[in-house]
Amino acid sequence: MLTAFGRAFRTPDLRRKLLFTLGILAIFRLGAFIPSPGIDYRNVQQCVSSANTSQGIYQLVNLFSGGALLQVSIFALGIMPYITASIIVQLLRVVIPRFQELHLEGAQGQGQLTQYTRYLTIALGLLNATTLVTLARSGQLFSGCGAAGSAGALIPNDNLVTIGLLILTLTAGSGLIMWMGELVTEKGVGNGMSLLIFVAIAAQFPTSLGAILKTQGWGTFLIVLVLGLVIVALVVFVEQSQRRVPVQYAKRMIGRRTMGGTSTYIPIKVNMAGVIPVIFASSMLYLPALLAQFATPKNGANVPGWIEWINNYLTRGDHPIYMLMYFLLTIGFTYFYVAITFNPEEVSDNMKKYGGFIPGIRAGKPTQDYLQYVISRVTLPGSLYLGIVALIPLIALVMIGANQNFPFGGTSLLIIVGVGLETVKQIDAQLQQRHYEGLLR
């Protein structure tokens with residue numbers, strides 16, 4: 001593999017793409033440490049060291065921002081506004097017929113959907129920036145630390161100009177990240193947005209492993225490394241697993257040329273939903289805690305019973321009820337997302353249009369029913385797999401006291417493995433186009 005990487009850098013075109021990608025990723029990481037204007041960086045560091053930042057809003061947003069959220073840097077919002085916008089636009093295809101028509105129009109229609117995603121990203125970035133600044137001013141960003149007017153205020157001078165400049169900077173940072181991701185997709189190697197998420201998550205691995213070594217010792221640290229390698233190997237195996245539905249294309253005469261007559265297959269992956277169900281499940285579980293936080297009386301007296309129940313059972317990742325609901329929500333969202341993204345009727349119509357058929361299955365409605373049967377059977381083990389992987393950080397929290405950002409499991413591992421495999425495949429394909437041996441043998 002090292003020889004293949006050497007050949008990749010000796011190929012001028014591929015070397016230029018790789019260096020461009022690495023340069024953009026370096027700028028992205030640098031921006032995570034540049035404080036936003038109006039923020040007292042020293043007070044931020046003091047609040048980070050004293051606050052519990054392993055749950056709630058920090059768990060997902062800080063993971064995808066590569067730690068930039070806790071630094072309140074210019075890239076504090078990270079890639080989350082774009083991810084949210086992409087998911088919303090994809091879901092709107094189900095309820096807005098115009099969006100589905102644009103999706104079916106090809107490159108031009110999908111380009112229009114991409115433009116809608118960009119606009120929505122800026123809007124969500126503005127909303128998230130306003131929320132983040134409000135939390136910082138009120139002291140809720142770090143559990144009562146850094147409130148405006150106190151000695152260790154995160155925003156010492158919270159006048160209207162400073163607040164407006166801070167919100168504008170955070171929103172612009174979100175738009176800049178989106179632009180850099182699209183540049184990598186266009187001029188670099190791999191999917192730019194996925195690579196930015198990959199780098200943001202990978203940057204947290206040394207910190208997470210260092211925390212385990214510091215608190216648990218070398219014995220537990222080595223056990224975690226060995227188990228981590230085993231988990232990564234199993235995740236790679238499942239991510240590569242697929243059910244191949246054979247498809248035969250009939251021969252057709254077009255003018256004087258014979259077309260078709262080939263055999264291919266429809267690859268149905270065991271994990272077709274990727275990491276989206278885990279993100280949905282964690283977001284849904286955070287909503288009750290957020291509601292309870294805002295509904296709790298300020299004096300702490302006469303707390304309603306439902307708020308106590310949420311605080312006891314739905315805010316602690318080590319509680320069995322929390323784990324069970326997380327597991328069930330992940331399974332449910334897996335079926336939901338697969339049903340949206342894979343349309344057996346559309347696949348069946350396309351096959352029929354080009355003279356394709358599944359051997360032993362009639363074209364049309366029987367093909368659609370057969371594909372629905374296969375996808376429902378394949379999704380079951382895929383959803384169980386996602387639920388188990390999502391629970392790994394929570395199990396680690398119970399067994400060794402690691403926080404919920406435990407590196408070998410959950411959202412982080414799924415993204416690291418998925419993006420890594422896809423990027424290596426793209427580099428491998430470009431190497432093979434130049435008659436070199438690929439990265440994978």
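Just so we're clear, the structure is a prediction, and the values are computed from it rather than from any experiment.

Undergrad: Is there a simple way to think about the overall build of the protein chain in this case?
TA: Along the protein chain, the regular secondary structure elements total 18 helices and 5 strands. For the protein chain, the proportion of its 441 residues judged to be buried stands at 43%. Contacts spanning at least 24 positions in sequence make up 68% of the contacts within the protein chain whose residues lie at least 6 apart.

Undergrad: It is not clear to me how the pattern of salt bridges should be interpreted in this structure. Could you clarify?
TA: Note on pairing: side chains with opposite charge can pair once their charged atoms come close. What the rule picks out here adds up to 5 salt bridges. D13 is the salt-bridge partner of R16, the closest N and O atoms lying 3.0 Å from each other. Of this pair, R16 and D13 both sit in helix α2 (residues 12-31), separated by 3 residues, roughly a single helical turn. With a relative accessible area of 54%, R16 lands in the exposed category. Of the charged contacts in the structure, one is a salt bridge between E101 and R98, with a shortest N-O distance of 3.7 Å. Highlighted residues: E101 and R98, both in helix α7 (residues 97-104), separated by 3 residues, approximately one helical turn.

Undergrad: Looking at this structure, I do not really get the packing of aromatic side chains. What am I missing?
TA: Any two aromatic rings considered together are summarised by their centre-to-centre distance and by the angle between their planes. The final tally for this structure, using the stated rule, is 5 aromatic pairs. Residues F28 and F75 carry aromatic rings whose centres are separated by 6.1 Å and whose planes lie at 20° to one another, so their mutual orientation is stacked. Separated by 47 residues along the polypeptide, F28 in helix α2 and F75 in the loop between α5 (68-71) and α6 (80-95) bring together distant segments of the chain. The exposure class of F28 is buried, given its relative accessible area of 2%. Here F75 falls in the buried class, since its relative accessible area comes to 5%.

Undergrad: How should the nonpolar core be read in this particular structure?
TA: In a soluble, globular protein the nonpolar side chains are often hidden away together inside. Counting 68 residues, the largest nonpolar core has I79, V235, I268, Y326 and L414 as the members making the most contacts within it. Per-element tally for this core: the top contributor is helix α17 (residues 365-399), with 11 residues. Each of domain 1 (1-188) and domain 2 (216-440) gives at least three residues to this core. Excluding residues within four positions of it along the chain, Y326 makes contact with V278, A281, S282, L285, A390, L391 and L394. Core analysis: the second largest hydrophobic core is formed by 19 residues, C47, V72, L132 and F142 among them.

Undergrad: When you look at the sheet that holds strand β4 (residues 263-269) in this model, what are you seeing that I'm missing?
TA: Strands belonging to one sheet form pairs held by backbone hydrogen bonds; the direction of such a pair is parallel or antiparallel. Taken in spatial order, the 3 strands of this open sheet run β4-β1-β5, and their pairing is antiparallel. Each edge of the open sheet carries a strand with a single partner, namely β4 and β5 (356-357). Bridge count for strand β1 (residues 242-249) against β5 is 2 bridges, and the pairing is antiparallel. Each residue of the ladder has a partner; that of Y249, found in β5, is G356.

Undergrad: What exactly am I supposed to notice about the environment of L291 here?
TA: With respect to the secondary-structure elements, L291 resides in helix α13 (residues 276-295). Expressed as a C-alpha distance, the spacing of L291 and I310, which sit 19 residues apart in the sequence, is 9.4 Å.

Undergrad: Looking at this model, I keep getting lost on the packing of helix α8 (residues 107-138) against helix α9 (residues 160-187). Mind explaining?
TA: Each pair of packed helices gets described by two things: the angle between the helix axes and the distance between those axes. α9 packs onto α8 with a crossing angle of 145° between their chain directions and a minimal axis gap of 8 Å. In this structure, α8 crosses over α9, and the sense of that crossing is right-handed. Contacts between α8 and α9 involve T114, R118, T121, I122, G125, L126, A129, T130, L132, V133 and R137 on the former and, on the latter, I163, L166, I167, L170, T171, S174, G175, M178 and E182. Within the contact of α8 with α9, the residues separate by chemical class into 10 nonpolar, 7 polar and 3 charged.

Undergrad: Mind showing me how you'd approach the environment of P366 here?
TA: Looking at the element boundaries, P366 is found in helix α17. The class of P366 is partly exposed, set by a relative accessible area of 36%. Once the C-alpha coordinates of P366 and S348 are considered, the two residues, 18 residues apart in sequence, prove to be 9.0 Å apart.

Reading guide: rules and limits
- Throughout, residues of each chain are indexed from 1 in the direction in which the sequence is written.
- The predicted origin of the model limits local features to residues at a pLDDT of at least 70 and limits the giving and counting of side-chain atom pairs to 80 or more, whereas totals for whole chains, interfaces and linings rest on all residues.
- Each side-chain value is derived from all of the structure's non-hydrogen atoms; neither hydrogens nor water enter the calculation.
- For helices the rule is a DSSP run of H or I covering at least 4 residues; for strands it is a run of E covering at least 2, with both sets numbered from the N terminus onward.
- A 1.4 Å probe rolled over the protein chains alone gives each residue an accessible area, and that area as a share of the maximum for its type sets the label: buried under 20%, exposed over 50%, partly exposed in between.
- Residue contacts are counted whenever heavy atoms from the two residues lie within 4.5 Å of one another.
- Salt bridges are defined as contacts in which a side-chain nitrogen from Lys or Arg sits within 4 Å of a carboxyl oxygen from Asp or Glu.
- Planes of paired rings set the category: under 30 degrees apart is stacked, over 60 is edge-to-face and the rest tilted, where pairs are Phe, Tyr or Trp rings (Trp by its six-membered ring) whose centres lie within 6.5 Å.
- We define the nonpolar core as a collection of buried residues of types Ala, Val, Leu, Ile, Met, Phe, Trp, Tyr and Cys that are connected through side-chain atoms lying within 4.5 Å of one another.
- All domain edges in this entry derive from an automatic or database-based domain assignment.
- Strand pairing is assigned whenever DSSP identifies at least 2 bridges connecting the two strands.
- Helix axes are fitted only over the stretch in contact, all axes being lines through C-alpha atoms; the angle between N-to-C directions runs from 0 to 180 degrees.
- Each crossing is labelled by how the near helix is turned from the far one, with a counterclockwise turn of less than a right angle marking it left-handed and a clockwise turn marking it right-handed.
- Residues are sorted three ways: Asp, Glu, Lys and Arg are charged, Ala, Val, Leu, Ile, Met, Phe, Trp, Tyr, Cys and Pro are nonpolar, and all the rest, Gly among them, are polar.

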